[in-house]
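Here are the chains, one letter per residue:
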Amino acid sequence: MQIQDDPEVLFHVTLTGGQTKYKDRGKLALHWLPQETALACEKLRSDINTLQTSIAKLFTTPKGMEPKLYFDFLDSSDANALAFTDGSWSFIGLTGGFPEQTMTKVEKLIGCPSFPKWLAIETEHYQSKPRAVSESLFRLVLSFVWAHELGHHISGHVPLEAAKHVRFEAMDCSKEGSLRRQAEELDADKHGIETLLHQLKRDPGAFFDSNMSGLSATSPNREMQLRFLLAAVAVFLLSTEQCRYSAATIGTLTHPPRLIRIDFITGVMRDWLKKESVDSTLTKNDFYTLVDCIETPNPEGADVFNAEYQAKALSDEEWKRYFADLSEVRTSVRKENEQREWKRV
């Protein structure tokens, strides 16, 4: 078998043969992770690659071909994700540091006294199956990041050409971005959340541990699934560092401020639920309950979901201008990417 026919080998060769900071390490051998995390990642890798086989059949690339997708982990202690291509293959990678960081935040959320009430799970049921809850949430967090990166491929942000293309998520504070980059991140968020909503509707068992049964009459029921999904988004966004910003610098961020992203994501969820005629009591305020569980609020910092900081950072007029500019750029970017995006069959 030639290298170009084996996605696992090509994933490694593309990383080590490129000019990225991961060129000296390549693909991660999962046994180097803590045993519990390694087992969860191994199963997730298998499940996502199986799922991608089905998803690929729904699209054609600009060349009229069915996309070839492969998901795996990178040998790095950084917490990061990337979408990259090599020839006809579209790859999605998570660094080894990302699942470890995710597990830490998940355990913190699981230990929060208000979390089972927020999930509408009886305390005795919750306490009897803590591992099932944590593993389900862990899978959803990593699945959302995978689906977000998949959105970059589908939207044409990482074009399939002869040359290699790599797109990194900026998990650390960075002001090397632009409104164009922010617009593409919102489009990837939209693809990510809608992909998981569709998969949860089709097969909830793909994300939830089998031992979750018994937590409610129809466990995990639709409302609980949505709350788990929102919790997964909270863990993910709290894994990204928020830069301080002002009217002069907000356009240089790689991602929109986290409060803006959660407004956008919950809006996408509401629109999807309305379209599917699904009733839900979820609101943006539910998100703040989770934030308080995971992070200790710091009114002086930009590292929390702090509405007070957001209000002071820009005036009402400056926020209006930012939203108008970002909306205009999103429309422009989508039009520019029309020739590179994947089309639904």
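Bear in mind that the values here come from a model prediction, so they are computed numbers and not experimental data. (Residues numbered from 1 in each chain as written. Predicted model: local features only at pLDDT ≥ 70, side-chain atom pairs only at ≥ 80, totals over all residues. Heavy atoms only, no water.)

A closer look at the overall build of the protein
A tally of regular secondary structure across the protein gives twelve helices and six strands. Looking at the protein as a whole, 54% of its 345 residues qualify as buried. For the protein, the share of sequence-separated contacts (at least 6 apart) that also reach a separation of at least 24 residues comes to 74%. A total of about 15800 Å² of accessible surface is found on the protein, and carbon and sulfur atoms cover 50% of it. (Helix = DSSP H or I, 4+ residues; strand = E, 2+ residues; numbered from the N terminus. Buried < 20%, exposed > 50% of the residue type's maximum accessible area, 1.4 Å probe, protein only. Contact = heavy atoms within 4.5 Å. Areas by Shrake-Rupley, 256 points an atom, 1.4 Å probe, with all protein chains shown as cover.)

With respect to the layout of surface pockets
Empty space among the atoms becomes visible once a probe the size of a water molecule is rolled across them. Of the volumes computed, that of the largest pocket is approximately 670 Å³. Taken together, 26 residues line the largest pocket, and the ones lying closest to its centre are Phe59, Lys190, His191, Glu194 and Arg344. If you list the elements that add at least two residues to the lining of the largest pocket, you get α6 (130–154), α7 (179–202), α9 (258–275) and α12 (316–336). Looking at the lining of the largest pocket, the element that brings in the most residues is α7, giving eight residues. (1 Å grid on protein atoms, 1.4 Å probe; cavity = no way out; pocket = protein on both sides within 12 Å on 5 of 7 lines; lining within 4 Å. Points joined across faces, edges and corners; volume = space filled by probe spheres on them.)

Here we look at the packing of α6 against α7
For the pair α6 and α7, interaxial distance at closest approach is 7 Å and the crossing angle is 125°. Here α6 lies oblique to α7, going by the angle between them. As α6 packs across α7, the resulting crossing turns out to be right-handed. Where α6 abuts α7, its residues Leu140, Ser143, Phe144, Trp146, Ala147, His148, Gly151, His152 and Ile154 lie against Glu184, Glu185, Ala188, Asp189, His191, Gly192, Ile193, Thr195 and Leu196. In terms of residue class, the contact of α6 with α7 is made up of eight nonpolar, seven polar and three charged. (Axes fitted to C-alpha atoms, helices over the stretch in contact; angles between N-to-C directions. Parallel < 35°, antiparallel > 145°, perpendicular 65-115°, else oblique. Left-handed = near helix turned anticlockwise from the far one by under 90°. Nonpolar A, V, L, I, M, F, W, Y, C, P; charged D, E, K, R; others polar.)

Some remarks on the side chain of Ser76
Here Ser76 shows up in the loop between β2 (68–74) and β3 (81–86). Beyond its immediate stretch of four places on either side in the chain, Ser76 contacts Tyr22, Thr95, Gly96 and Gly97.

Structural notes on the pairing of strand β4 (residues 89–95)
Within β4, seven of the seven residues are buried, which leaves it mostly tucked inside the rest of the structure. Taking every second residue as pointing to the same face, both faces of β4 are buried, with Trp89, Phe91, Gly93 and Thr95 on one and Ser90, Ile92 and Leu94 on the other. Judged from the seven bridges that link them, β2 and β4 form a sheet pairing that is parallel. Considered in β4, the bridge of Asp72 is made with Gly93. In this structure, β3 lies alongside β4, joined through six bridges in antiparallel fashion. Bridge assignment links Ala81 to a residue of β4, and that residue is Leu94. Taking the residues that link successive antiparallel strands as the turn, the β3-β4 hairpin has two residues, and the phi of Gly87 there is positive, at about 65°. (Pairing = 2+ DSSP bridges.)

Topic: the nonpolar core
Core analysis: the biggest nonpolar cluster contains 91 residues, and Leu109, Phe115, Leu137, Val141, Leu142, Trp146 and Ile193 have the highest contact counts within it. If we ignore the near neighbours within four places in the chain, the residues touching Trp146 are Ile48, Leu51, Gln52, Ile55, Phe71, Ile92, Thr195 and Leu196. Listed in part, the ten residues of the second largest apolar core include Leu10, Phe11, Tyr70 and Leu82. (Core = buried A, V, L, I, M, F, W, Y, C linked by side-chain atoms within 4.5 Å.)

What about the packing of aromatic side chains?
The final tally for this structure, using the stated rule, is 14 aromatic pairs. Here Trp319 and Phe323 contribute two aromatic rings whose centre-to-centre distance is 5.6 Å and whose plane-to-plane angle is 25°, an arrangement assigned as stacked. Residue Trp319 and its partner Phe323 are both found in helix α12; the two are separated by four residues, about one turn of the helix. The exposure class of Trp319 is buried, given its relative accessible area of 8%. (Phe/Tyr/Trp six-rings, centres within 6.5 Å; stacked < 30°, edge-to-face > 60°.)

Digging into the environment of Lys21
Relative to the elements of secondary structure, Lys21 occurs in the loop between α1 (7–16) and α2 (35–56). A residue is classified by how much of its surface remains accessible, and Lys21, at 55% relative accessible area, is exposed. When neighbours within four sequence positions are excluded, Lys21 is seen to be in contact with Asp78 and Asn80.

Section: α7
Over its 24 residues, α7 runs 35 Å from end to end, which matches the ideal 34 Å to within 8%, given 1.5 Å per residue. For α7, a buried count of 17 out of 24 residues is recorded, marking the element as mostly surrounded by other parts of the structure. (Expected span 1.5 Å × (residues − 1).)

Structural notes on the confidence of the model for the protein
On average, residues of the protein score 83 in pLDDT, and 85% of them reach the 70 mark or higher. Mean pLDDT per element in the protein: helix α10 (residues 284–294) is the minimum at 70, and β2 is the maximum at 96. (pLDDT = per-residue confidence, 0-100.)

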